[in-house]
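Below, each chain spelled out in residue letters.
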Amino acid sequence: MVDALGERNISGCYGFPHTHPVVASPQLRETLELWTDSGHHIGNHTHHHASLNWVSGKQYVDDIDTAEEHLGDLLDRAPTRYFRYAMDMTGRSEYKRGMVEDHLRDAGYTVAPITAWFGDFAWIAPYYRAKVNRDGEALAMLRQSYVDAAEFHLRSHVRAARELWSTNVPCIWLIHSTPIASDMLGAILDRFADIGVEFIGLDEAMRHPSNKLLPPVTHLFRNHLERQLSAAGVERDQIPPEMAAAVLNASPLDGYDSFHVYEDRILKPIVKRVGGEWDWDWS
Ligand SMILES: [Zn+2]
């Protein structure tokens, strides 16, 4: 991913790693240093990556401080101290979010929301299965659909934001560092350049007030822009369910069903580790 960005002269991207994996596997620190040495930055994304919906405000702010203990020196290399909520989820109550927001302000953080994403985590399990199965047809479909989905969802966020704000709003785009991302980030960036995307830094994007306000909390899995859209009753275009199903069900492999991987292997172990309460809605 560093190469894909460097080859296209894109620098100053913010990575938001949670720090639990770095403690479990200290060699991962080298990856983070490669990232910052390559002209990119690191922000705080909590230690455990628990949703604020699962834990108390106190647990959450303690987790922010724990992340800072592990990565403080890398955070300090960035021009701005940014924090991103885990899953961009800000809890079910304004009171609890307020506790976190107060803590962040006192600790000198600016919240960097997500305002354009493409559900890229959905490709993690299918891509793994297709690789294990050496399923060339599925790999090709997954790569193509991944790039197509990135374009579709970027257009969808931009169009909806324009409807809401009557002007173009700078997007804060998310991609996770996954195997398919390292294979396909270059193709996505080229596609974005082809359709006229202008790449700007996070500081510039954050100057727009839409990226700073606090849209109403929701228990649903919605990014910062989507929470604004819900509040205003604006719909965003979604890819047809049968296309999403084709990705999620591609190249079956025993024990690696997509939702089993995302819920039972990724999310629920975090809930267990932090002693939180499982609260999730895919709708
Ligand atoms: Zn995250």
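For every chain, the first residue of its written sequence is number 1, and the numbers climb from 1 along that sequence. Thresholds applied to this predicted model are a pLDDT of at least 70 for local features of residues and 80 or more for the giving and counting of side-chain atom pairs; totals over whole chains, interfaces and linings are not thresholded and use all residues.

### Re the packing of helix α6 (residues 124-132) against helix α7 (residues 136-165)
Here an angle of 0 to 180 degrees is reported between the N-to-C directions of two axes, which are lines fitted to C-alpha atoms, with helices fitted over the stretch in contact. The way it works is that DSSP assigns letters per residue, a run of H or I at least four long becomes a helix, a run of E at least two long becomes a strand, and they are numbered from the N terminus. Where α6 meets α7, the closest approach of the two axes is 8 Å, and the angle between their N-to-C directions is 150°. Between α6 and α7, the interaxial angle falls into the category roughly antiparallel. Like other packed secondary-structure pairs, α6 and α7 cross with a definite hand, here left-handed. Contact with α6, carried on its side by P126, Y127 and A130, involves A138, L139 and L142 of α7 and no other residues of that element. Residues belonging to the contact of α6 with α7 are distributed by class as follows: six nonpolar, no polar and no charged. For classification purposes, an angle smaller than 35 degrees is called roughly parallel, one larger than 145 roughly antiparallel, one from 65 to 115 roughly perpendicular, and anything else oblique. Crossing handedness is read from the near helix: turned anticlockwise from the far helix by less than a right angle, it gives a left-handed crossing, and turned clockwise, a right-handed one. Once C-beta atoms have been placed from the backbone, residue pairs whose C-beta atoms lie within 7 Å are recorded as contacts. Amino acids outside the nonpolar list (Ala, Val, Leu, Ile, Met, Phe, Trp, Tyr, Cys, Pro) and the charged list (Asp, Glu, Lys, Arg) are all regarded as polar, and Gly is one of them.

### A few points about the nonpolar core
Generally speaking, a soluble globular protein has its nonpolar side chains buried in company with each other. As used here, a nonpolar core is made of buried Ala, Val, Leu, Ile, Met, Phe, Trp, Tyr and Cys residues. They are joined through C-beta atoms within 7 Å. Using C-beta atoms placed from the backbone, we call a residue buried if 20 or more other C-beta atoms fall within 10 Å of its own, exposed if 12 or fewer do, and partly exposed for counts in between. In this structure, L142, Y146, A150 and I172 are the most contacted members of the largest nonpolar core, which totals 56 residues. Those elements that place two or more of their residues in this core are α4 (57-76), β3 (82-83), α6, α7, α8 (179-194), α10 (224-232) and α12 (258-274). When residues in this core are grouped by element, the largest group, ten residues, is from α7. Domain start and end points were adopted from an automatic or database domain assignment. Residues lining this core come from more than one domain, with at least three contributed by each of domain 1 (12-112) and domain 2 (117-252). Contacts of L142, omitting those with residues within four sequence positions, involve W123, P126, Y127, A130, I180, V247 and A250.

### Some points on the UniProt feature "domain: NodB homology" (unreviewed entry) in the protein
UniProt positions are given in the numbering used here, feature names are shortened, and annotations may be inferred rather than shown by experiment. UniProt tags residues 29-86 as "domain: NodB homology" (unreviewed entry). The annotated region residues 29-86 carries 50% helix and 7% strand content, and the separation between its end C-alpha atoms amounts to 20 Å.

### Quick word on the environment of V274
In this fold, V274 is placed in helix α12. Residues V274 and A50, 224 residues apart in the sequence, show an inter-C-alpha distance of 7.5 Å. In contact with V274, other than residues within four places in its own chain, are H48, A50, W54, V55 and Q59.

### Examining the domain arrangement of the protein
The domains assigned to the protein are domain 1 (12-112) and domain 2 (117-252). Using only C-alpha atoms to locate each centre, domain 1 and domain 2 end up separated by 21 Å. By residue class, the composition of the side of domain 1 that touches domain 2 is six nonpolar, seven polar and four charged.

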